[in-house]
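Given next are the chains, with one letter for each unit.
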Amino acid sequence: MPQSTTLAEPKTERQRTLLGGDLKAFRRDPLAFLTELYRQGGKTAPIRLGPQKITVLFDPEMIKEVLVTKSESFIKGATFKEIARFVGDGLVISDGEKHKRHRRMLQPHFTRAHIQHYAEQMTDIASAHAELWKDGEERLLTEDLFGITFDIIARTVFTFESGEELMKIGRSYSSINRIATEKMRTLFKLPLFVPTKRNKEYLDAIKTLDEIVYTLISQRRTEKDTAHRDLLSVLMSAVDESDQSEFSDEQVRDELMTMFLAGHETTANTLSWTFHYLIQNPEAERKLREEWDRVLGERDATADDYPQLTYTQNVLWETLRLTPAGYLTGRTAAHDVIVGDHQFRKEEILFISSFPLHRSSDYFPDPLVFRPERFENEMLKTIPQFAYFPFGGGPRACIGNHYAMLEMVMVLCAIGRRFRFRLAPNHHEIVPEALLTLRPKGGIRVIANKQEVN
Ligand code: HEM
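The rules behind these values
- Residues numbered from 1 in each chain as written.
- Predicted model: local features only at pLDDT ≥ 70, side-chain atom pairs only at ≥ 80, totals over all residues.
- Heavy atoms only, no water.
- Helix = DSSP H or I, 4+ residues; strand = E, 2+ residues; numbered from the N terminus.
- Lys, Arg positive; Asp, Glu negative; His and termini not counted.
- Charge placed at Lys NZ, Arg CZ, Asp CG, Glu CD.
- Near = heavy atom within 4 Å.
- Polar contact = N/O pair within 3.5 Å; in protein donor to acceptor, adjacent residues only side chain to side chain.
- Donors = N, O, S within 2.8 Å, 3.2 Å for Na, K, Ca; no water.
- Pairing = 2+ DSSP bridges.
- Axes fitted to C-alpha atoms, helices over the stretch in contact; angles between N-to-C directions.
- Contact = heavy atoms within 4.5 Å.
- Salt bridge = Lys/Arg side-chain N within 4 Å of Asp/Glu carboxyl O.
- Buried < 20%, exposed > 50% of the residue type's maximum accessible area, 1.4 Å probe, protein only.
- Phe/Tyr/Trp six-rings, centres within 6.5 Å; stacked < 30°, edge-to-face > 60°.
- Left-handed = near helix turned anticlockwise from the far one by under 90°.
- Nonpolar A, V, L, I, M, F, W, Y, C, P; charged D, E, K, R; others polar.

Trainee: Summarise the overall build of the protein; cite the residues concerned and give the values.
Mentor: Looking only at helices and strands, the protein has 16 helices and 14 strands in total. Seen through its principal axes, the protein has C-alpha atoms that stretch 60 × 60 × 45 Å. Here the protein holds 61 positive side-chain charges and 65 negative ones, and the gap between their average locations is 5 Å.

What follows is the structure in structure tokens.
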């Protein structure tokens, strides 16, 4: 039997208050709250966050109806307002015809075949970072992985390699991220037109990013540049087949910001969790190294190796099962609609969370054990489709799923082949913090031990 560590289940009591309803419990620990609701049984659970009534869906068939078969009856609506200022009306936020048109124009550029050519850059960036680390030194691994996925998205989106622009983007992005996160934690948010110090910093950061992005767009338009193979050039040349129209500058900007936001925090956090689980599960790590020795020998991974790196992929699928970066989403009913036996009224809000389903013994034996082998022999075909859905599903499924898997496999191989990690002494307990994505609270400090590679 593989040696493995069982995780602790997040626990909470459901405590409601007269004014806030479930708000306090939800904000204190959304994962424990959702797990407890799920444990109480039932296909749906009504909750109340302040004045807002919400229905949480736990039944895979009902989730499928909302995300796939009846997706036309639901919109993203108000649920994603907090990030709207930054990403504008990009793919994550937009609804209706606009979303359909943009998805139609972008989808062909995100197929497995189309993103293959990013693999080399992904490996090069990760290995260049790792080459700077010293044998035996203590590192804040979570920050290192953020740096790597940030550089990868910056390179593949804009072709920025280094320099002042990239640093400005980095600084602006971390301000935006920090303030958006603080806002999510705060119950009463002051609207952005109120000139608090924080709102000013937020708007200034967005302005800086806008200046850089619009300058780049106008340079590319005047140069009639064809040399770049980045996402910016994809967006600028995308054509809607139905009427031959293209994206406006503002639409290019919104989609770029969307990819930037959706495209690196998710993968950085998932990779952090992967290394965390590997440190705890030496047998899984041994099997992983055995696969790398067999498939890669003494070289780095390329896109061609991806299909052979099946255990590596399963390690990532298992990480996404236990800690799905996109753990919570929401929808608003566009009109009255019945899902399962539940009548949704127009404008009613629902939540869907993969977290409690991914950790349910109804679908996964020993659900809290990290066991990548469970994904072998097409296990996913034996459980309902929406018992495991780390990338969502239907017309609004993650457009970056192939990009994310390719990137995570390339980075895991590049880092893992060069270094072996153990936790730094006296480490705090590593638990998920549920914000925009699931990140390890307080970060992960490791001692990095160099491995021999050529
Ligand atoms: C481990 C990495 C990732 C995870 C777990 C993840 C997860 C998800 C999930 C669950 C959704 C659906 C949300 C919903 O139904 O409301 C989603 C949507 C989306 N993701 Fe990802 N994602 C990841 C990486 C990426 C990357 C790398 C990109 C871009 C390069 C990306 C771009 C997007 C976009 C644009 C959407 C919105 C799609 C739409 O509404 O049409 N994601 N993601």
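Trainee: So what's going on with the site of the ligand? Residues and values would help.
Mentor: The environment of the ligand is formed by 28 residues, the closest being H99, R103, T329, R331 and C398. L91 has a polar backbone atom sitting 3.3 Å from an oxygen atom of the ligand. Looking at the shell around the ligand, the elements that each hand over two or more residues are α5 (96-106), α12 (249-280), β7 (328-333) and α16 (401-418).

Trainee: If you had to explain the coordination of the iron atom of the ligand to someone new, which residues and values would you point to?
Mentor: Just one protein atom coordinates the iron atom of the ligand, and that atom is C398 (SG), at 2.3 Å. Note that C398 resides in the loop between α15 (354-358) and α16.

Trainee: Pulling in residues and values, what's your account of the sheet that holds strand β11 (residues 419-423)?
Mentor: Remark on secondary structure: sheet strands pair via backbone hydrogen bonds, oriented parallel or antiparallel. A sheet is described by the order of its strands in space; here three strands give the open sequence β4-β14-β11, paired in antiparallel fashion. This sheet does not close on itself; its edge strands, each paired only once, are β4 (137-140) and β11. For this sheet, the mean angle separating the axes of adjacent strands, direction not counted, is 40°. As paired strands, β11 and strand β14 (residues 445-450) are joined by five bridges and run antiparallel to one another.

Trainee: How would you sum up the sheet that holds strand β10 (residues 349-353)? Please name residues and give values.
Mentor: Sheet architecture is open: five strands sit in the order β1-β2-β10-β7-β3, paired in mixed fashion. The two strands at the open ends of the sheet, each matched to only one other strand, are β1 (44-49) and β3 (74-75). Examined bridge by bridge, β7 and β10 share five bridges and lie antiparallel to one another. If you follow G330 over to β10, its bridge partner there is F351. Where helix α2 (residues 30-39) meets the sheet, it contacts β1, β2 (52-57), β7 and β10, and its direction lies at approximately 140° from that of β1. Contacting β1, β2, β3, β7 and β10, helix α3 (residues 60-69) crosses the sheet at an angle of about 115° to β10.

Trainee: Tell me what's going on with the pattern of salt bridges, and back it up with residues and numbers.
Mentor: Throughout the structure, instances matching the rule amount to 29 salt bridges. A salt bridge links D254 to R253; the shortest N-O distance between them is 3.0 Å. Of the charged contacts, one joins K381 and E378 as a salt bridge, the two residues approaching to 2.6 Å between their closest N and O atoms. Among the residues examined, K381 registers a relative accessible area of 66% and is labelled exposed. Classification of E378 by relative accessible area gives exposed; the value is 52%. Here the salt bridges do not stand alone but share partners, grouping E131, D300, R417 and R418 into one network.

Trainee: Can you explain α2? Please cite residues and give values.
Mentor: Among the ten residues of α2, nine are classified as buried, and the element is accordingly described as predominantly covered. Just downstream of α2 lies G41, where phi reads positive at about 85°.

Trainee: So, the packing of aromatic side chains: which residues are in play, and what are the values?
Mentor: Per the stated rule, a full pass over the model turns up 18 aromatic pairs. A ring pair is formed by F74 and F344, whose centres lie 5.9 Å apart and whose planes are at 90°; its orientation type is edge-to-face. With F74 in strand β3 and F344 in strand β9 (residues 342-344), this residue pair connects regions lying 270 residues apart in the sequence. With a relative accessible area of 7%, F74 lands in the buried category. Relative to F260, the ring of F150 lies with its centre 5.5 Å away and its plane at 75°, an arrangement referred to as edge-to-face. Of this pair, F150 sits in helix α8 (residues 141-158) while F260 sits in helix α12, placing them 110 residues apart in sequence. For the pair F150 and F260, one class covers both residues: buried.

Trainee: Report on the packing of helix α7 (residues 119-131) against α8, specifying residues and quantitative values.
Mentor: For the pair α7 and α8, interaxial distance at closest approach is 9 Å and the crossing angle is 145°. You can see that α7 and α8 cross each other, and the crossing is right-handed. Every residue of α8 that contacts α7 at Q121, M122, I125, A126 and H129 is listed here: G147, I148, D151, I152, R155 and T156. When its residues are assigned to classes, the contact of α7 with α8 shows five nonpolar, four polar and two charged.

Trainee: Hey, could you go over the pairing of β2 for me, with residue numbers and the actual values?
Mentor: The pairing of β1 with β2 spans six bridges and is classified as antiparallel. Across the sheet, L49 pairs through a bridge with Q52, a residue of β2. Two successive antiparallel strands, β1 and β2, enclose a turn made up of two residues, where G50 displays a positive phi of approximately 60°. Bridging between β2 and β10 involves four bridges; their strand directions are parallel. Pairing of I54 across the sheet is with I349, part of β10.

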